[in-house]
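# Breakdown of the fold
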Amino acid sequence: MDTLRITKAKKLTGEVTVPGDKSISHRAVMCGALASGDVSITNLCSGDDTARTVTMFQQMGISIQAQGHHSFVIHGKGLHGLREPDDLLYAGNSGTTLRLMAGLLSAQPFFSVLSGDSSLRRRPMNRVVEPLRHMGAHINGRDHGNFAPLAIQGGPLRGIAYHLPVASAQVKSALLFAGLYADSQTTVIEPVLSRDHTERMLSCMGVPINIRGSEVTVQPCEHLEPCRLDIPGDISAAAFFIVAGLIVPDAELVLRAIGINPTRTGCIDILRAMGGQIDIFNERIQCGEPVADIAVRSSSLVATTIEGDLIPRAIDELPIIAVAAAMAAGTTVIRNARELRVKESDRIAAMTSELKKCGVVVEAYDDGMAITGGRGIRGTVCDSFGDHRVAMSLAIAGLCAEEEMIIRDCSCIQTSFPEFMGTLVRIKG
Ligand code: S3P
């Protein structure tokens, strides 16, 4: 599916399920490998990114058995059960894999090398390398450790208190995993709370974690208790179909078992503020995480302003929200989102150039964009820049275009949502 061709949708109906949450899936594999016994995981994310994390642990001597559809049993060997990998650990396109593993590997009594694809090797790593060095980690890489490949000589670590300059769940989680092995407690203080899946999972597995607002403290610990992990549907994948259900006329969709952790639901708040008709029902707790079903129907959208504390709660959904903004009356302004420039692609540059090609009025800022919508979207030839979220956002935009939308370089969708096109075709009827 390198090039996608999308035609206008007259209606959308049906039920949608999405892959297990990618963020939670990485953490489930990591915690499973470190648990003192077997951990069964259901609904593990089907994308390539999660497979990279699985392969890394297999390279370090952990047995992980598939048990049917997206279910696995991980035979955890405890916190000290990993063995030195005899080859490079390859994270592919997955920043979460690389950054979280940097934390964990810094504490292991062995040498390892982490790398990834050309996009990942361009992404900044000093945000995680610097605080890990404060803990005593020995990490080398290009540009003083800012770029992968990262060579890590693991060893004893000390606990620290670290103020993150920018909210980041990847950095926070790397430090929490390293902190499990430190000589004293580790505290991470964020300017705004980022996704808290690591905290929730470690706490479910018996690790002493103390949370006060956006400050979290982990105590060094001896073991992680084995448990069952049933992973909620990924709200970041669901967001594509939530927006599709809002912007296509005559649409009514129900999305089942979607994670609604409040650190992730910024997109729902934003789309509701834009006039989106979104109902959340059947709320329950799964894997220590809130989960619900979500119903959406066609809505007349209006512009909004997206900034401040909302940004970390919607960071991965901003490309698809830009598409919603292109269909909304008025000018939507996104600010304080400079982080978008260092994701799988520069998402500010990518969404600005591609929406402009589609006839949308967009102005790029250093830390966001202004999108003036309500004048329709023109189908044309677009590029994904090898970024799965850009590719899927443009595909959803294509549902509202009169002309065919042709999107190049879409194999990247495999990293998080291999079933995306199949689902889209099915609900178009
Ligand atoms: C993630 C955290 C976020 C997010 C990324 C996944 C995670 O990144 O953008 O897709 O699983 O921890 P940052 O922590 O860099 O903000």
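Everything here concerns the structure above.
Criteria and thresholds
Residues numbered from 1 in each chain as written. Predicted model: local features only at pLDDT ≥ 70, side-chain atom pairs only at ≥ 80, totals over all residues. Heavy atoms only, no water. Pairing = 2+ DSSP bridges. Helix = DSSP H or I, 4+ residues; strand = E, 2+ residues; numbered from the N terminus. Axes fitted to C-alpha atoms, helices over the stretch in contact; angles between N-to-C directions. Contact = heavy atoms within 4.5 Å. Buried < 20%, exposed > 50% of the residue type's maximum accessible area, 1.4 Å probe, protein only. Polar contact = N/O pair within 3.5 Å; in protein donor to acceptor, adjacent residues only side chain to side chain. Salt bridge = Lys/Arg side-chain N within 4 Å of Asp/Glu carboxyl O.

### Quick look at the pairing of strand β12 (residues 209-212)
- When β12 meets strand β13 (residues 215-218), the two strands line up antiparallel, connected through four bridges. In the sheet register, asparagine 210 faces β13, and the bridge partner there is threonine 217.
- Taking the residues between adjacent antiparallel strands as the criterion, β12 and β13 are bridged by two residues, where glycine 213 takes a positive phi near 60°.

### Considerations on the sheet that holds strand β3 (residues 38-42)
- One open sheet holds the four strands; their spatial order is β4-β5-β3-β14, and the pairing between them is mixed. The open sheet has two free edges, formed respectively by β4 (63-66) and β14 (228-230), since each of these has just one partner strand. Each strand of the sheet is rotated relative to its neighbour by a mean of 15°, with strand direction disregarded.
- In terms of strand pairing, β3 meets strand β5 (residues 72-75) through four bridges, oriented antiparallel. Bridging across to β5, valine 39 finds its partner in isoleucine 74.

### Considerations on the sheet that holds strand β15 (residues 251-259)
- The strand order across the open sheet formed by four strands is β2-β15-β17-β16, and the pairing between neighbours is mixed. Looking along the sheet, the strands with just one partner apiece sit at the ends: β2 (12-16) and β16 (277-286). If you compare each strand with its neighbour and ignore which way they point, the axes differ by 15° on average.
- Where helix α9 (residues 266-273) meets the sheet, its contacts fall on β16 and β17 (289-297), and the angle it forms with β16 comes to roughly 160°.

### Considerations on helix α6 (residues 169-179)
- Burial of α6 is extensive: eleven of the eleven residues sit out of reach of the surface.
- The complete set of buried residues in α6 reads Ala169, Gln170, Val171, Lys172, Ser173, Ala174, Leu175, Leu176, Phe177, Ala178 and Gly179.
- Of the residues flanking the start of α6, the one acting as N-cap is serine 168, its side-chain oxygen 3.4 Å from the backbone nitrogen of glutamine 170.

### Here's the deal with the pattern of salt bridges
- Within the structure shown, the criterion is met by 27 salt bridges.
- The salt bridge involving glutamate 15 is made with arginine 256; its shortest N-O contact spans 2.7 Å. Linking glutamate 15 in strand β2 with arginine 256 in strand β15, this pair joins segments that are 241 residues apart in sequence.
- For arginine 256, a relative accessible area of 29% puts it in the partly exposed group.

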